[in-house]
Number of protein chains: 2
Amino acid sequence: MNSVVELLKSHRSIRKFTERPIEPELFEELVRAGQGAATSSFLQGATIVRVKDRAKREKIAQLAGNQPWVASAAAFMIFCADLKRAGNWCREYGKSFEGDFTEHFIIATVDVALMAQSMVCAAESVGLGICYIGGIRNNPGPVSELLELPRGVYPVFGLCLGYPAQDPEIKPRLPLSVIVKEDCYNEQGDRKAIESYDAQVRDYYATRTGGGHGISWSEQVSVLLSEKSRPHMRGFLAEQGFTFR
Amino acid sequence: MNSVVELLKSHRSIRKFTERPIEPELFEELVRAGQGAATSSFLQGATIVRVKDRAKREKIAQLAGNQPWVASAAAFMIFCADLKRAGNWCREYGKSFEGDFTEHFIIATVDVALMAQSMVCAAESVGLGICYIGGIRNNPGPVSELLELPRGVYPVFGLCLGYPAQDPEIKPRLPLSVIVKEDCYNEQGDRKAIESYDAQVRDYYATRTGGGHGISWSEQVSVLLSEKSRPHMRGFLAEQGFTFR
């Protein structure tokens, strides 16, 4: 297979970066690569707030649940779903704004993710490492205040970018048979495949640099889905104008 | 800049494909490339239903608002956000399932989009063309019935994949200054930049192969946000178990 496929298969999050900065021209090219991604109904509903201010970086590192790489990466950005930019033009053209439907939320959120991931592919292709920071949703209100995000805009995730100063192992993924189904959804063979995968994940944690928590995939995700995950999100989003009509 | 960056910058949707099939080994490699993408909390909340059945393909092409390329592309997949696979293990480990928070919806939806976009980057790097099909959300209920999607699973978008039999122009994107902000959200200079971009978009439609509707970006998106966009989504998602707690 070609080198792009190999590159994408070998992604892992990077949390230690060298001091090497990212040239402004390179950064712009990476954003343009991100912008090349498909956008639903041509909305282009993503806005990147790049955080350069040191104090803000430190603050966000804390708000994201103490992730120091937010402050230390060569570049850190918050990717925002943005319905304000387009919504401004409703008023301009004398139309009422109805952009608070669940569908609008999906469109904008997907736009953000597609753009970010294309940017990530571009970044990794030039030797940069990345780490998504979903942890900003621990404190979306304070993060939004810090970045002065208006109504119609919400911070989906952060992204650290820089030249890697570590070389972590690749985390094994679910078997293909579990992920890809033909013609209809079914779980035939999944239990067995997941049990064998669970063993692989335990091995990964046991042997990787620095050790690790050694629990299986199924154990990890069962915790995630048995907890009230970030229950503040609904209220926060409503305040930002995303009301899931 | 390197070839990956150039590739990503030059993406455009492909809706006409040659008869050439996609080798099974290549397809699997593309999925693995997609799986390489980051996944929030290790959830791996994406399931791909590849639709091979001819009758189902034709039916989905209609349900997506008459998009014949859904039936004619070498491969067509529905990308689903999947909380069922992980949720099964809550019961298994004697935990209650609480996976219906807004946050869980975001995590799974973003997982799907990141995976799809990495797969798209891989596909385009080997000369394939793609087209996202958000139109399946016109009729998410019938699509889900056809694919037997259970509670905890929802179809986010479709994806056509095949060797291009057309070479459409690249659609211009918003100026970088509008998309990237520093340290805080602001709209300084945006109006002027968007007005100039609007002219560029009008030109694009006027000159591209086959002509086009010739309306600006701001006009298009103001329509999108002044309409009740797919108002059935909220109810449909609730039925699938996504209740936005």
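Quick note: structure is the one above.
As the structure is a prediction and not an experimental result, all values here were calculated from the model.

On to the relation of the copies chain B and chain A. Expressed as a screw operation, the relation of chain B to chain A combines 0.0 Å of axial shift with a rotation of 180 degrees, fitting to an RMSD of 0.0 Å. Here the transformation between the copies is reduced to the relation of a two-fold axis. A shared interface surface links the copies, since 100% of the contact residues of chain B are contact residues in chain A too.

Here we come to the sheet that holds strand β3 (residues 129-133) of chain A. Two pairing modes exist for strands in a sheet, parallel and antiparallel, and in both the strands are linked by backbone hydrogen bonds. The sheet built from five strands is open, its strands ordered β3(A)-β4(A)-β2(A)-β1(A)-β5(B) with mixed pairing. Single-partner strands in this sheet number two, and they are β3 of chain A together with β5 (180-182) of chain B. Geometrically, the sheet is characterised by an average inter-axis angle of 25 degrees between neighbouring strands, direction not taken into account. Bridging between β3 of chain A and strand β4 (residues 153-162) of chain A involves five bridges; their strand directions are antiparallel. Note on β4 of chain A: the bridge partner recorded for G129 of chain A is G162 of chain A. Helix α6 (residues 102-125) of chain A rests against β1 (46-50), β2 (75-82), β3 and β4 of chain A of the sheet, and its axis sits at about 5 degrees to β4 of chain A.

Our next topic: helix α2 (residues 24-35) of chain A. Helix length check: α2 of chain A, at twelve residues, gives a terminal C-alpha distance of 17 Å against a target of 16 Å (1.5 Å per residue), a fit within 8%. Residues L26, F27, E29, L30, V31, A33, G34 and Q35 of chain A constitute the buried set of α2 of chain A.

On to the interface of chain B and chain A. Listed per partner, the contact involves 121 residues of chain B and 121 residues of chain A. Carbon and sulfur atoms make up 64% of the surface buried where chain B meets chain A, a total of about 10,400 Å² over both sides. Its largest share of buried area at the contact with chain A, chain B owes to F42, Y185 and L225 of chain B, together 9% of the area lost on that side. Joining chain B to chain A, the criterion identifies 14 salt bridges. The salt bridge involving E187 of chain B is made with K84 of chain A; its shortest N-O contact spans 2.8 Å.

Criteria and thresholds
- Residues numbered from 1 in each chain as written.
- Chains lettered and ligands numbered in written order.
- Predicted model: local features only at pLDDT ≥ 70, side-chain atom pairs only at ≥ 80, totals over all residues.
- Heavy atoms only, no water.
- Least-squares fit on C-alpha atoms with pLDDT ≥ 70 in both.
- Contact = heavy atoms within 4.5 Å.
- Pairing = 2+ DSSP bridges.
- Helix = DSSP H or I, 4+ residues; strand = E, 2+ residues; numbered from the N terminus.
- Axes fitted to C-alpha atoms, helices over the stretch in contact; angles between N-to-C directions.
- Expected span 1.5 Å × (residues − 1).
- Buried < 20%, exposed > 50% of the residue type's maximum accessible area, 1.4 Å probe, protein only.
- Buried area = accessible area lost by both parts, 1.4 Å probe.
- Salt bridge = Lys/Arg side-chain N within 4 Å of Asp/Glu carboxyl O.

So, to be careful, I would describe these as geometric facts and stop short of saying anything about function.
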